[in-house]
Amino acid sequence: MLKDITLGQYFPGDTVVHRLDPRTKLLMVILYIVALFLCKGFVSYGVALAFLITAVVLSKIRPKALFKGLKPLLIIIIFTAVLNLFYTDGTVLVKFWIFKITREGIYNAFFLVLRIMLLVMGTFLLTYTTSPIALTDGLESLLSPLKKLHFPVHELAMMMSIALRFIPTLIEETDKIISAQKARGADFETGNIFRRAKALIPILVPLFVSAFRRADELATAMECRCYHGGKGRTKLKQLRYRRRDVFSLLLGVAVLAGIIVLRRFGL
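Report follows, based on the coordinates.

## Regarding the nonpolar core
Now for step 1: In this structure, Leu52 and Leu118 are the most contacted members of the largest nonpolar core, which totals 26 residues.
Now for step 2: Listed by contribution, the elements that provide at least two residues to this core are α2 (22-38), α3 (42-59), α4 (63-68), α6 (103-129) and α11 (243-264).
Now for step 3: It is α6 that provides the largest number of residues to this core, a total of seven residues.
Now for step 4: Setting aside chain neighbours within four positions, we find Leu118 in contact with Tyr32, Leu36, Tyr45, Ala48, Leu49 and Leu52.
Now for step 5: Val29, Leu126, Leu135 and Leu139 belong to the second-largest nonpolar core, a separate cluster that totals six residues.

## Regarding the environment of Arg244
Now for step 1: In this structure, Arg244 sits in helix α11.
Now for step 2: The spacing of Arg244 and Gly69 is 175 residues in sequence and 28 Å in space, taken between C-alpha atoms.
Now for step 3: When residues no more than four places from it in sequence are discounted, the contact partners of Arg244 are Arg19 and Leu20.
Now for step 4: Within polar-contact distance, the side chain of Arg244 engages the backbone oxygen of Arg19 at 3.4 Å.

Basis of the calculations
Note that residues are indexed from 1 along each chain, following the sequence as it is written. The predicted nature of this model means local features are confined to residues of pLDDT at least 70 and side-chain atom pairs, given and counted, to a pLDDT of 80 or more, with totals for whole chains, interfaces and linings taken over all residues. Side-chain descriptors were evaluated using all non-hydrogen atoms of the structure, hydrogens and water having been removed beforehand. Within this scheme, the nonpolar core is defined by two criteria: the residues are buried Ala, Val, Leu, Ile, Met, Phe, Trp, Tyr or Cys, and they are joined through side-chain atoms within 4.5 Å. For the exposure calls, accessible area comes from a 1.4 Å probe over protein chains only, and a residue counts as buried if that area is under 20% of its type's maximum, exposed if over 50%, partly exposed in between. Here a strand is any run of E in DSSP of at least two residues, a helix any run of H or I of at least four, and the numbering for each starts at the N terminus. Whether two residues touch is decided by their heavy atoms; if any such pair falls within 4.5 Å, the residues are in contact. In the analysis that follows, any N or O atom pair within 3.5 Å is treated as a polar contact, provided that within protein one partner can donate a hydrogen and the other can accept it, and provided that, for residues neighboring in sequence, both atoms belong to side chains.

Right under this line is the structure:
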């Protein structure tokens, strides 16, 4: 299960999506999320799905990698679907004991599950096609107007980049600790919920120690390189908008506008 968590991973490539400006991809993700929450019917969700499929095909990211990222959220998705299926008022189709299945509940469960899946895969595609450094530069550039309000934009972007970068590292470290504890006879799969929770202590303690050690080593390395925040720093690669970025943003705005129109017609 831990190996199925792919958030924060970056798959190098030379596709159109990989070459887009990180600011463009961040804005596209924002437009995509807003469009998803405005979807109302089959047609609008079909437009959002077509948009995501087009991005996946152009990025040459294997769909298997996107679906793999959904596995850790499977329980949440099922729980959300069940709640909407049994606790939505409307035209009753099936009723047993205190539970009832309505036509509106089926629609709500289906659309909500589809929305979660599209949302997760769309945001994962951002990290798959954008390196942490590029994400940091793009986020800092988009938030640069806040510098006039003395907001620590560079520090915030750096923290988010480091957090994304260390997610795969901590997952790998956790997997190693679990394997080592199992080799020593630890049992994490049997017993009641309290026993399983107690069995996690031999995992969490070394994991926290390892995380703090890595954080201390990173802080020391940054100090040795005379890192003092974003003031006066220059960048090796300057961000520049190109024609493909403008076209992509216009396409994202067009998709959002189309979904808004479809929502007004209940589609």
